[in-house]
Amino acid sequence: MPTSIIIFFGVICLLALHFWWRWRLERERKERRVEFAKRENLEMVSAAESRARQDALLDSMIEGVLVLDETNRVQFANRAFAEMFATVGALSGKAVLEAVRAHEVAELVERTSQGGRVVDHEMKLPGNAERWLQVNAAAITSVERRRLGTVLVFHDLTRIKRLERTREEFVGNVSHELRTPLSLIKGYAETLLDGAKDNPEVATKFLQTIDRNARRLDLLIQDLLTISALEAGRIAMNPQPVALAALVARAFGDLKSLADARTVALRSELPELTAHADETRVEQVLSNLLENAVKYGREGGTVTVGGREASNDKLEIFVRDDGPGIPVEARERVFERFYRVDKARSREQGGTGLGLAIVKHIVQAHGGKVWVESEPGQGATFFFTLPKQVG
């Protein structure tokens, strides 16, 4: 075979081998590109799923979370943050002040940028409703210490602040209520020891005052223990059929001497109603309301008890007086502990300031509600509901 032919076939074989290798190389490259695209797509999907899980986790938090970028524009804000600041619409991309309209937040961001973090800062939200927040903030930085953004976490302190204020008011009120009778007891006891005991008439009068204030202290302590137990849920109700007319008659008998002293007529318009309730506690409710009506109603007036079936399962009872009534601004507060419409008159009458708070808690423990209706100069009517005895 001629050499030229051999060379020709050799070249053909080399070309064929070259194109085959090129084809194989291109196929491998294509396969690699497809594999890379798949891997990249999987990574993108995984990153998106991770972000979605992260956002869902942050949205489930009760703390508000705000994440800003290096230009202090919102990158992320969770649901709790939006509710705390009552924001409307999407916040992403907005400047801090545009997003929340609170200069104090912008100032916190600036402080965090300069100092790296802010810990346990307390702020009061602007607006009519009192709202307190505790803020912790930290700068987000790269390994090169370059600032990448800021994260702020907001914890709602409103309930804690209210409880704190209630505790302070409670301690202040209890201290005052205890101090008054204790001061009188101490003063009269010292006077007796200084020689007044030798005068029988004076000694008897002073001892009566000491006894009266000692009983007032005992009543205050009993009321404090009662309301504390009611608020903590430590008093279990013992529901049974209760004939309300009989309870009213018993309460009238207990208050007869007080009513006679103020020439107040006690009248019952209560039909034969049977409640499903704790008899002892309902009697306490009626006694407290009736005693208040006699003490603070019109001297020489009338106190009336009545009631009706309010629904298939509820009874509505009322206690009405024809006294001076309750001012509008006091109607929402009369059931608060130690709140007094007329402080001087209440202390003169010897009340503890806890009676109506006890009434409220007992009625609520029965699943009922209590409220007052009054017009100045036209008396006051206290209503409460109780479960009806069925069958």
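Residues numbered from 1 in each chain as written. Predicted model: local features only at pLDDT ≥ 70, side-chain atom pairs only at ≥ 80, totals over all residues. Heavy atoms only, no water.

### Structural notes on the sheet that holds strand 12 (residues 380-387)
Spatial strand order, 7-9-10-12-11: five strands in an open sheet with mixed pairing. Pairing within the sheet leaves two strands with one partner each, and these edge strands are strand 7 (265-268) and strand 11 (370-374). Pairwise comparison of adjacent strand axes, ignoring direction, gives a mean angle of 20 degrees for this sheet. Sheet topology places strand 11 next to strand 12; five bridges connect them, and they run antiparallel. Opposite E373, over in strand 12, you have T381 as the bridge partner. Contacts between helix 8 (residues 279-296) and the sheet are confined to strand 7, strand 9 (302-309), strand 10 (314-320) and strand 12, with strand 12 contributing the most and set at about 175 degrees to the helix. (Pairing = 2+ DSSP bridges. Helix = DSSP H or I, 4+ residues; strand = E, 2+ residues; numbered from the N terminus. Axes fitted to C-alpha atoms, helices over the stretch in contact; angles between N-to-C directions. Contact = heavy atoms within 4.5 Å.)

### A look at the pattern of salt bridges
Considering all chains together, one arrives at 13 salt bridges under this definition. We note a salt bridge from K295 to E291, for which the minimum N-O separation is 3.0 Å. Of this pair, K295 and E291 both sit in helix 8, four residues apart, which is roughly one turn of that helix. A relative accessible area of 9% means that K295 is categorised as buried. Judged by relative accessible area, E291 falls into the partly exposed class, the value being 27%. (Salt bridge = Lys/Arg side-chain N within 4 Å of Asp/Glu carboxyl O. Buried < 20%, exposed > 50% of the residue type's maximum accessible area, 1.4 Å probe, protein only.)

### Focus on the packing of helix 7 (residues 244-261) against helix 8
Interhelical geometry of helix 7 versus helix 8 gives an angle of 40 degrees and a closest axis separation of 9 Å. With respect to helix 8, the axis of helix 7 lies oblique. Handedness of the crossing formed by helix 7 with helix 8: right-handed. Of helix 8, the residues touching helix 7 (which contributes L244, L247, V248, R250, A251, F252, D254, L255, L258 and A259) are E279, V282, E283, L286, S287, L290, E291, V294 and K295. The class makeup of the residues in the contact of helix 7 with helix 8 is twelve nonpolar, one polar and six charged. (Parallel < 35°, antiparallel > 145°, perpendicular 65-115°, else oblique. Left-handed = near helix turned anticlockwise from the far one by under 90°. Nonpolar A, V, L, I, M, F, W, Y, C, P; charged D, E, K, R; others polar.)

### Looking at the environment of A106
Assignment of secondary structure puts A106 in helix 4 (residues 103-115). By relative accessible area, A106 is classed as partly exposed at 25%. Considering only alpha carbons, one finds A106 and V96, ten residues apart in sequence, at a separation of 6.2 Å. Discounting chain neighbours no more than four positions away, the residues touching A106 are V96 and L97.

### With respect to the environment of G368
Structurally, G368 can be placed in the loop between helix 11 (355-365) and strand 11. A sequence separation of 53 residues divides G368 from L315, and the C-alpha atoms of the two residues are 9.2 Å apart. Other than its neighbours up to four places away in sequence, G368 contacts K314, V363 and T385.

### Brief notes about helix 6 (residues 200-232)
Compared with an ideal rise of 1.5 Å per residue, which puts 33 residues at 48 Å, helix 6 spans 48 Å between its outermost C-alpha atoms and is within 8% of the ideal. In the stretch just after helix 6, G233 is the one whose phi turns positive, near 75 degrees. (Expected span 1.5 Å × (residues − 1).)

### Comments concerning the side chain of H366
With respect to the secondary-structure elements, H366 resides in the loop between helix 11 and strand 11. Residues contacting H366, with those up to four places away along its chain left out, are M237, H276, A277, D278, R281, V282, K314, L386 and P387.

### Topic: helix 11
Judged by how many residues are buried, helix 11 sits mostly within the fold: eight of eleven residues are covered. On the buried face of helix 11, the contacting elements are helix 6, helix 8, strand 11 and strand 12. Residue G367 follows helix 11 closely and has a positive phi angle near 80 degrees.

### Brief notes about the packing of helix 5 (residues 158-193) against helix 6
Axis angle and axis distance: for two packed helices, these are the angle between their axes and the distance between the axes, and together they describe the pair. Running from N to C, helix 5 and helix 6 point in directions that differ by 160 degrees, and their axes come no closer than 9 Å. Classified by the angle between their axes, helix 5 and helix 6 sit roughly antiparallel to one another. The two elements helix 5 and helix 6 cross, and the hand of that crossing is left-handed. Of the residues assigned to the contact of helix 5 with helix 6, the class counts are 18 nonpolar, four polar and two charged.

### Some words on the nonpolar core
If you look at the biggest cluster of nonpolar residues, it comprises 48 residues, and the most contacted ones within it are L244, L289, L290, I317, F382 and F384. Residues in contact with L244, not counting those within four places in the same chain, are L270, L273, A275, V282, L315, I317 and L386. Residues L66, F81, F85 and V118 belong to the second largest nonpolar core, which totals 22 residues. (Core = buried A, V, L, I, M, F, W, Y, C linked by side-chain atoms within 4.5 Å.)

### So, the sheet that holds strand 2 (residues 74-77)
Judged by pairing direction, the sheet is antiparallel, and its five strands sit side by side in the order 2-1-5-4-3 without closing on themselves. Every other strand in the sheet has two partners, leaving strand 2 and strand 3 (117-124) as the edge strands with one partner each. Across the sheet, the axes of successive neighbouring strands diverge by a mean angle of 20 degrees, strand direction being ignored. When strand 1 (residues 64-69) meets strand 5 (residues 147-156), the two strands line up antiparallel, connected through six bridges. Looking at the pairing, G64 lines up with F154 of strand 5.

All we've got here are geometric facts, nothing functional implied.
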